[in-house]
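Okay, here's what each chain looks like letter by letter:
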Amino acid sequence: MLKRGSALQFKAFTIDESGQEHVSGNVQWVLDDYGAQYLNIASDGTISVKADAPNMMCDVSLFGTADGVAGKVIRIVLAKDISTVSEFEAIRNNYCGYYALKNDIDFCDSNGDQALFEPFPVFYGILDGNGHQIRNITFDTKSDAVDYGMILHNYGEIRNLTVETSISFYGSAEKEVRYVGGIAAINSGTLYNCTVSSAKYFYVANKNSYVGGLVGLNEGEIRSSRCYAAIFGDMYAGGIAGKNTGTIEYCANLRNMYVNEENNETEIFGIVGDSSGIVTNSTHFADVNVGLEDIDFREGLVGSENRQ
């Protein structure tokens, strides 16, 4: 965290064949447009924060193709603060930005009205929740879309974030649905220390669908994350991901799951519905119930067959 009025020096090193570090002087230091409003940077990599700047975080990225550090560009990118729904919606102006939540964000206004959220089509940047929550985010399940989530395809990094949401296609069994997740429909990036919770549930029992508490399809990495949402699926449902071709580790599912039909993923059932990737050090702490026909949503969540 960079504090207003403070200074911080970054140095770039190369490492020779013997393992010795050498400070590289042939480096160009660059600030993004947002950072240039609040920071000064010297040729030696010393960053000073202007007195009127907000407290902020920065991300250091290295660009170039030459070996070592010499001749490369090091870019300092500041996290843009998000504290309101409108500021969160403004991510649509730059899907490559670095964003940090200053507080919880609630999509339900003071009158109890809850607007439908149009998912971000892609995300390439960094979204740091700083331990905060995005609450009451809901989606238009009557749209023509086949994928659903806060982000349709994440290529970036989401970290330290809790998303409270629910999604249901109950009564819409004929609708074509593919990938559904609370944070992303498809993840090709990184999720770290993320949580999805729901005061209701996820009901995605449509044929050929993949539903996960965090993501529908994971092609990237999900680490140290958890799900507190009851999930109802057809066959391929998991607390973390509906389908996994990437890496999932140190994750947990803590709510019951209900599937219409059991599949062969016996060892990781509850974490993912279908996996050809890596799942390690992850645990499902609740029950898996097979059969949806005996569930009465008016009476409660009662499954026809139990297994742990």
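Residues numbered from 1 in each chain as written. Predicted model: local features only at pLDDT ≥ 70, side-chain atom pairs only at ≥ 80, totals over all residues. Heavy atoms only, no water.

Engineer: Honestly, the packing of aromatic side chains in this entry has me stumped. Any pointers?
Structural biologist: Evaluation of the coordinates by the stated rule reveals 11 aromatic pairs. Ring centres of Tyr99 and Phe123 lie 6.4 Å apart, and the angle between their planes is 40°; this geometry places the pair in the tilted category. Of this pair, Tyr99 sits in strand β10 (residues 98-101) while Phe123 is found in strand β12 (residues 120-123), placing the two residues 24 residues apart along the sequence. As far as the burial class goes, Tyr99 and Phe123 line up, both buried. Between the aromatic rings of Tyr210 and Tyr236, the centroid separation amounts to 5.0 Å while the plane-to-plane angle is 15°, which identifies the pairing as stacked. Separated by 26 residues along the polypeptide, Tyr210 in strand β24 (residues 210-212) and Tyr236 in strand β29 (residues 236-244) bring together distant segments of the chain. Residue Tyr210 is classed as buried on the basis of its relative accessible area of 15%. Three or more aromatic residues joined by ring pairs make a cluster, and in this case those are Phe88, Tyr95, Phe107, Phe117, Phe120 and Phe139. (Phe/Tyr/Trp six-rings, centres within 6.5 Å; stacked < 30°, edge-to-face > 60°. Helix = DSSP H or I, 4+ residues; strand = E, 2+ residues; numbered from the N terminus. Buried < 20%, exposed > 50% of the residue type's maximum accessible area, 1.4 Å probe, protein only.)

Engineer: What is the right way to look at the layout of surface pockets in this model?
Structural biologist: Take a probe with the size of a water molecule and roll it over the atoms, and the empty space left behind shows itself. Empty space within the second largest pocket amounts to approximately 230 Å³. Considering the residues around the second largest pocket, the lining is formed by 14 residues, among which Thr138, Thr165, Ser166, Ile167 and Lys200 are closest to the centre. Every element with two or more residues in the lining of the second largest pocket is listed here: β14 (133-137), β17 (162-165) and β18 (167-168). (1 Å grid on protein atoms, 1.4 Å probe; cavity = no way out; pocket = protein on both sides within 12 Å on 5 of 7 lines; lining within 4 Å. Points joined across faces, edges and corners; volume = space filled by probe spheres on them.)

Engineer: Just checking my understanding: could you explain the sheet that holds strand β35 (residues 283-284) for this structure?
Structural biologist: Sheet architecture is open: 7 strands sit in the order β11-β14-β17-β22-β27-β31-β35, paired in parallel fashion. The open sheet has two free edges, formed respectively by β11 (105-106) and β35, since each of these has just one partner strand. Alignment of strand β27 (residues 226-228) against strand β31 (residues 252-253), held across 2 bridges, turns out to be parallel. Within β31, the position partnered with Arg226 by the bridge is Ala252. (Pairing = 2+ DSSP bridges.)

Engineer: What am I meant to see in the environment of His153 here?
Structural biologist: Along the chain, His153 turns up in strand β15 (residues 151-154). Along the primary structure His153 and Val215 are separated by 62 residues, whereas in three dimensions their C-alpha atoms are 9.7 Å apart. Those residues within four positions of His153 in sequence are excluded, and the remaining contacts are Pro121, Val122, Phe123, Ile186, Ser188 and Glu219. Within polar-contact distance, the side chain of His153 engages the side chain of Ser188 at 2.8 Å. (Contact = heavy atoms within 4.5 Å. Polar contact = N/O pair within 3.5 Å; in protein donor to acceptor, adjacent residues only side chain to side chain.)

Engineer: What should I look at first to understand the sheet that holds strand β9 (residues 80-82) in this one?
Structural biologist: Pairing between the strands of a sheet comes from backbone hydrogen bonds, and it takes one of two forms, parallel or antiparallel. Strand order across the open sheet formed by 8 strands is β9-β10-β13-β16-β21-β26-β30-β34, with parallel pairing between neighbours. Looking at which strands have only one partner, the edges of the open sheet turn out to be β9 and β34 (278-280). Mean inter-strand twist for the sheet, computed between neighbouring axes without regard to direction, equals 10°. Here 3 bridges tie strand β30 (residues 247-249) to β34, and the two strands are oriented parallel to one another. Residue pairing for β34: Thr247 is matched across the bridge by Ile278. (Axes fitted to C-alpha atoms, helices over the stretch in contact; angles between N-to-C directions.)

Engineer: What should I look at first to understand a nonpolar patch on the surface in this one?
Structural biologist: A contiguous nonpolar surface patch, about 290 Å² in accessible area, is contributed by Tyr228, Leu254 and Phe285. Take Phe285: it is sitting in the loop between β35 and β36 (288-290). (Patch = residues over 30% accessible without salt bridge, like charges linked within 9 Å, V, L, I, M, F, W, Y side chains within 5 Å. Areas by Shrake-Rupley, 256 points an atom, 1.4 Å probe, with all protein chains shown as cover. Salt bridge = Lys/Arg side-chain N within 4 Å of Asp/Glu carboxyl O.)

Engineer: What am I meant to see in the pairing of strand β25 (residues 215-218) here?
Structural biologist: Remember that side chains alternate between the two faces of the sheet whenever the strand is regular. Where strand β20 (residues 184-187) meets β25, 3 bridges bridge the pair, whose relative direction is parallel. Residue Ala184 lies in a different strand from β25, and its bridge partner there is Val215.

Engineer: Looking at this structure, I do not really get the pattern of salt bridges. What am I missing?
Structural biologist: Any two side chains of opposite charge can pair, so long as their charged atoms come close to each other. Scanning all chains against the criterion turns up 8 salt bridges. Where Glu157 meets Arg159, a salt bridge forms, and the shortest distance between an N and an O atom there is 2.8 Å. You can call Arg159 buried: its relative accessible area is 15%. The salt bridge involving Arg223 is made with Glu249; its shortest N-O contact spans 2.3 Å. A residue pair is termed long-range when its members are at least 10 positions apart, and Arg223 in strand β26 (residues 221-223) and Glu249 in strand β30 qualify at 26 residues. Within this structure, Asp128, Glu157 and Arg159 form a network of salt bridges that share partners.

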